[in-house]
Amino acid sequence: MLLPTVLALLLVVAGLGVVGSAQVRVQQAAGAAARELARGAAPPDLATTAGHGATASTRSSGGVAVVTVTRRVELLGFGGLGVTVKGSAAARPEKSEP
Amino acid sequence: MTTTLRTDGAGRAALRVVPPRRHRGRDRDRERGAATGLTVGILAAACAAGAAVMIWSTVAAEATAVHSAADLAALAASDTARGIGNASAPCAAAAEVASANDAVVVACAVDPAGAVTGERAAAHVVVQATRRHRGAWLPLPRSRAEAWAGAPS
């Protein structure tokens, strides 16, 4: 009984690490995308910055554009077990509407 | 363990090895509960490792977000100093962008003409994460980050 429990706990710890690193990665991707948006340049490739399957959305309010990057992290290779991580960053675009 | 040499009436000798009987029960009593202690120890170590990973990921994500906030706030301040956008002042633009990134501007300095730094529209911004961040439940000081931005050369 002890070994299966230890194995399950180790898998949970590994899963937390995978989700945590994905969270950091999407946050970095959101920051990079917002920076390029602020400079009026083309957004960076999301698959490179945030990982495969990442999607980005942009919404503007009051001259500030908010970029949100979302990615679903599959745990242990199973289709049904996954966590969605999200990161967002706001920037003031150079060519913002007054 | 006891070793005895017995001799029967005909003079034949037999070696007999007798294990110590009186200590067996006491040893078993001494080891009773050892598996429970081991289980509790391993479970506690695994829980501590999980908590450490969770805290690391939360702090790293907050630090990344605050670095982005500082970078984007400095960029907004520099852009405003160059006359881009509709903000009233460079540091007001930096504060607005920092607030949208769940951060607050701690220090902001802008050198529009490059009189001090030699670089036109140089902005230096220090921001700190607010309590709105997801790492706010941790009893740790809020993340801080600073960034510089200037006019493109």
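Calculation rules
- Residues numbered from 1 in each chain as written.
- Chains lettered and ligands numbered in written order.
- Predicted model: local features only at pLDDT ≥ 70, side-chain atom pairs only at ≥ 80, totals over all residues.
- pLDDT = per-residue confidence, 0-100.
- Helix = DSSP H or I, 4+ residues; strand = E, 2+ residues; numbered from the N terminus.
- Contact = placed C-beta atoms within 7 Å.
- Nonpolar A, V, L, I, M, F, W, Y, C, P; charged D, E, K, R; others polar.
- Pairing = 2+ DSSP bridges.
- Axes fitted to C-alpha atoms, helices over the stretch in contact; angles between N-to-C directions.

For chain A, per-residue confidence averages 87 on the pLDDT scale, and residues scoring 70 or more make up 93% of the total. Taken element by element, the predicted model of chain A shows its lowest mean pLDDT in helix 2 (residues 46-49) of chain A (84) and its highest in strand 2 (residues 64-74) of chain A (93).

Taken together, the contact pairs 28 residues of chain A with 28 residues of chain B. Within the residue set of the side of chain A that touches chain B, elements represented by two or more residues are helix 1 (2-39), strand 2 and strand 3 (82-91) of chain A. When residues in the side of chain A that touches chain B are grouped by element, the largest group, 18 residues, is from helix 1 of chain A. The residue inventory of the side of chain A that touches chain B, partitioned by class, reads 16 nonpolar, 9 polar and 3 charged.

On to the sheet that holds strand 3 (residues 103-111) of chain B. Residue and element names in this part refer to chain B. Here 3 strands make up an open sheet; going across it, the order is 3-4-5 and the pairing antiparallel. The open sheet has two edge strands with one neighbour each: strand 3 and strand 5 (144-149). Here the average twist between neighbouring strands, direction ignored, is 15°. Of the strands in this sheet, strand 3, strand 4 (122-129) and strand 5 are in contact with helix 2 (residues 34-81), which crosses strand 4 at around 150°. Packing of helix 3 (residues 90-100) onto the sheet brings it into contact with strand 3 and strand 4, and relative to strand 3 it is tilted by some 155°.

This paragraph deals with the sheet that holds strand 3 of chain A. Residue and element names in this part refer to chain A. With respect to topology, 3 strands assemble into an open sheet ordered 1-2-3, the strand pairing being antiparallel. Every interior strand has two partners, whereas the edge strands, strand 1 (55-61) and strand 3, have only one. Across this sheet, the average inter-strand angle for adjacent strands is 20°, counted without regard to direction. Bridging between strand 2 and strand 3 involves 10 bridges; their strand directions are antiparallel. Paired with Thr70 across the strands is Lys86, a residue of strand 3. Relative to the sheet, helix 1 contacts strand 1, strand 2 and strand 3, its axis offset from that of strand 3 by approximately 30°.

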